[in-house]
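Here's the letter readout for the chains.
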Amino acid sequence: SGHTSKTKAMVLEIADLSYVVVMSEFEALLLEARLIKKLKPPYNIVARDDKSFLYIKIDKRLEIPVVEAVRKQVAAKRVFLIGPFPSGRTVRSVLRNIRHAFPYCTHHRPQKSCLYVHLGLCPNPWKSEQSLIEYRETINKIITLLSGKSTSLTRSLTTEMAQASKRQDYESAAVIKKQINDIAYITQSFHQPEDYINQPGLVEEKTREQLREIQDILDLETTPLRIECYDVSNIQGAHATGSMVVF
């Protein structure tokens, strides 16, 4: 009840409802953007056509590329665009997750360091030539991640971390390790949107494969339906505590 006339018209035309299960919220946002671009839904509340959707833009032609949300623009060489995204909320959610792993700039050269520099969310590439070189490398990593190539990015970062540890630059190694962990959290077994479009039951299939692996490892007659994990600890033989986790 209480629908607008447009929503009432949309509801009257609904014949069926379906959904696609994905591995993570990050994948869901990218899949949503890809489906909107492909299907151009007529009743989309936020935007009626492709021109009013939001995109994430990174212009590598600039000395210091910024990461920003923009309306549709004409594609150009060395300008990275991903989208469309249905709302500012979606774009902010994607960018917020990425920024904690890879701090980036959202504005051009300021008169003084902005608040994001002090929060560790902007690397302040203006402070030195080396900072600028490192920032451009970070921009390439962000583009790689947004392009759905998180596996290759993680592999590259792992190599960087090993090299930093080898030269005893443990501070840099710790920063890279955090980036790897953040990528794992954001993507959680990342699959590209096309994987889900071509195979809507991908998550169910992967789950069945994992259960079959467990069945083989534990030499079970059938795939497990319930798994219980126990852990018991104590302090010097006293205060025994047990916990159980159920899948």
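Residues numbered from 1 in each chain as written. Predicted model: local features only at pLDDT ≥ 70, side-chain atom pairs only at ≥ 80, totals over all residues. Heavy atoms only, no water.

Student: Tell me about the packing of aromatic side chains, and please be specific about residues and values.
Tutor: Using the criterion set out here, one finds 0 aromatic pairs in the structure. Stacked on the ring of Tyr-116, the Lys or Arg Arg-99 has its end atom at 4.1 Å from the ring centre. (Phe/Tyr/Trp six-rings, centres within 6.5 Å; stacked < 30°, edge-to-face > 60°. Lys NZ or Arg CZ within 6 Å of the ring centre and 35° of its normal.)

Student: Summarise the pairing of strand E1 (residues 54-59); cite the residues concerned and give the values.
Tutor: When you tally the buried positions in E1, you get 6 out of 6 residues, the bulk of the element. Across 5 bridges, the pairing between E1 and strand E2 (residues 67-71) is antiparallel. The partner of Tyr-55 across the bridge, within E2, is Val-70. (Buried < 20%, exposed > 50% of the residue type's maximum accessible area, 1.4 Å probe, protein only. Helix = DSSP H or I, 4+ residues; strand = E, 2+ residues; numbered from the N terminus. Pairing = 2+ DSSP bridges.)

Student: Please set out the layout of surface pockets residue by residue, giving values where relevant.
Tutor: When its volume is computed, the largest pocket comes out at roughly 840 Å³. For the largest pocket, the lining is made up of 30 residues, of which Glu-134, Thr-138, Ser-172, Val-175 and Gln-179 are closest to its centre. Broken down by secondary-structure element, the contributors of at least two residues to the lining of the largest pocket are helix H3 (88-101), helix H5 (129-146), helix H6 (150-166) and helix H7 (170-187). Here the lining of the largest pocket is composed, by residue class, of 11 nonpolar, 9 polar and 10 charged. (1 Å grid on protein atoms, 1.4 Å probe; cavity = no way out; pocket = protein on both sides within 12 Å on 5 of 7 lines; lining within 4 Å. Points joined across faces, edges and corners; volume = space filled by probe spheres on them. Nonpolar A, V, L, I, M, F, W, Y, C, P; charged D, E, K, R; others polar.)

Student: Any details on the packing of H5 against H6? Residues and values, ideally.
Tutor: Where H5 contacts H6, the axes come no closer than 8 Å and their chain directions differ by 145 degrees. Taking contact as the criterion, the partners of Lys-141, Thr-144 and Leu-145 in H5 are, on H6, Ser-150, Ser-152, Leu-153, Leu-157 and Glu-160. Looking at side-chain class alone, the contact of H5 with H6 contains 3 nonpolar, 3 polar and 2 charged residues. (Axes fitted to C-alpha atoms, helices over the stretch in contact; angles between N-to-C directions. Contact = heavy atoms within 4.5 Å.)

Student: Any details on a negative patch on the surface? Residues and values, ideally.
Tutor: A grouping of Glu-213, Asp-216, Asp-219 and Glu-221 is seen on the molecular surface, where their side chains present a negatively charged patch. Checked against the element boundaries, Glu-213 lands in helix H9 (residues 202-217). (Patch = residues over 30% accessible without salt bridge, like charges linked within 9 Å, V, L, I, M, F, W, Y side chains within 5 Å. Areas by Shrake-Rupley, 256 points an atom, 1.4 Å probe, with all protein chains shown as cover. Salt bridge = Lys/Arg side-chain N within 4 Å of Asp/Glu carboxyl O. Lys, Arg positive; Asp, Glu negative; His and termini not counted. Charge placed at Lys NZ, Arg CZ, Asp CG, Glu CD.)

Student: Quick one: what's the story with the nonpolar core, residue by residue and with numbers?
Tutor: One finds Ile-56, Val-67, Phe-102, Ile-142 and Leu-146 to be the most contacted residues of the largest nonpolar core, which totals 33 residues. Only helix H2 (25-39), E1, strand E3 (79-85), H3, H5, H6 and H7 provide two or more residues apiece to this core. At 7 residues, the largest contribution of residues to this core is made by H5. In this view, Phe-102 contacts Thr-138, Lys-141, Ile-142, Leu-145, Leu-153, Leu-157, Gln-179 and Ile-183; residues no more than four positions away in its chain are not counted. Membership of the second largest hydrophobic core comes to 5 residues, among which are Val-22, Leu-31, Tyr-196 and Val-203. (Core = buried A, V, L, I, M, F, W, Y, C linked by side-chain atoms within 4.5 Å.)

Student: Describe the side chain of Asn-124, listing the residues and the values that go with them.
Tutor: Positionally, Asn-124 belongs in the loop between helix H4 (115-118) and H5. For Asn-124, a relative accessible area of 15% puts it in the buried group. What Asn-124 contacts, discounting residues up to four positions off in sequence, is Ser-113, Val-117 and Ser-131.

Student: Give a detailed account of H6, specifying residues and quantitative values.
Tutor: Think of an α-helix as 3.6 residues a turn; residues three or four steps apart then line up on the same face. The first and last C-alpha atoms of H6 sit 24 Å apart over 17 residues, in line with the 24 Å expected at 1.5 Å per residue. Of the positions making up H6, those classed as buried are Ser-150, Leu-153, Leu-157 and Ala-164. Looking straight down H6, one finds that the buried residues subtend no more than 55 degrees of arc, so they occupy a single side. Away from its buried face, by an angle of more than 90 degrees, H6 presents the exposed residues Thr-151, Arg-155 and Lys-166. Looking one or two residues beyond H6, the residue adopting positive phi is Gln-168, at roughly 65 degrees. (Expected span 1.5 Å × (residues − 1). Arc of directions from axis to C-beta.)

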